[in-house]
Amino acid sequence: MRSVLCFGDSNTHGQIPGRGPLDRYDRHTRWPGVLQSELGPSWYVIEEGLSGRTTVHDDPIEGAHKNGRTYLRPCAQSHTVLDLVIIMLGTNDLKIRFNKPASEVAMGIGCLIYDLRELAPGPGGSVPEIMIVAPPPILDDVKEWKSIFAGAPEKSRQLALEFEIMADSLGVHFFNAASVCSCDAADGFHLNAEAHHALGAALAQEIEAIGWPTQERKS
């Protein structure tokens, strides 16, 4: 059995659009659950989604624990051995409180990749396969979140290109979620059930296309 860690924010946690962080879709609706169903029993899909998670920033309002970098290392170690790590972050980095351009959000993703390579939580102490997923762009109308995400919709439309450049430079896999889904109009930055299904199914195809050794390894 191979293991894949899905490391993300509220769109990995499965927060329902227009609802609070405690309102989430069930396991089978969330994209990691869809991914598990599509990949089948030869894969173990690990969900690690946290509402408000950033790439590398302590959140001065929501708390330091929202920093994805400080949690990634213990998270990866606790779930070792990992064959693949999928990172889908960046939306929360676009909040006005961080004031970061899309290029620096991509740099944050790069930091996480460097950390994974240093940790090497793959089989036999190797570096696992890594896939960067660019989240779908934020809609122009983010309802009551307008002040928090001031300027974010435009920046979010630049993330896919910046993430792809980072993925190419570091030699990791890349997928643009906007190619198969979009954010829901209920709040402008969360995925609905249909989007979760589309993303999970598409990522399963991307994973299978990587090409994995046929020999079995002991757990």
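Quick look at the environment of A193 now. Turning to its location among the elements, A193 is positioned in helix α6 (residues 193-210). Exposure remark for A193: the relative accessible area of 25% places this residue in the partly exposed category. Sequence separation between A193 and R30 is 163 residues; the distance between their C-alpha atoms is 7.3 Å. Discounting chain neighbours no more than four positions away, the residues touching A193 are Y25 and T29.

With five of six residues buried, strand β4 (residues 129-134) lies mostly within the body of the structure. Here four bridges tie strand β3 (residues 84-88) to β4, and the two strands are oriented parallel to one another. Following the sheet pairing, V85 is matched in β4 by I130. You can see the chain leave β3, run along helix α4 (residues 102-119) and come back into β4, and the turn it takes is right-handed. As paired strands, β4 and strand β5 (residues 173-176) are joined by four bridges and run parallel to one another. Across the sheet, residue A134 finds its bridge partner in β5, namely N176.

Cut-off values and rules
Going along each chain's sequence as written, the residues are numbered from 1 onward. Where local features are concerned, this predicted model is filtered to residues with pLDDT of at least 70; where side-chain atom pairs are given and counted, the filter is 80 or more; whole-chain, interface and lining totals use all residues. Values shown for side chains rest on all heavy atoms present in the structure; no hydrogens or waters enter the calculation. A run of H or I in DSSP becomes a helix once it reaches four residues, and a run of E becomes a strand once it reaches two; helices and strands are each numbered from the N terminus. Whether a residue is buried, partly exposed or exposed follows from its accessible area with a 1.4 Å probe, protein chains only, as a fraction of its type maximum: under 20%, in between, or over 50%, in that order. The criterion used for residue contact is that any of the two residues' heavy atoms lie within 4.5 Å. Between any two strands, pairing holds if DSSP finds at least two bridges. Here is how to tell: hold the view so the strands point away, follow the path from the first strand over the helix to the second, and if it runs clockwise the crossover is right-handed.

Spatial relationships are all this shows, so hold off on functional conclusions.
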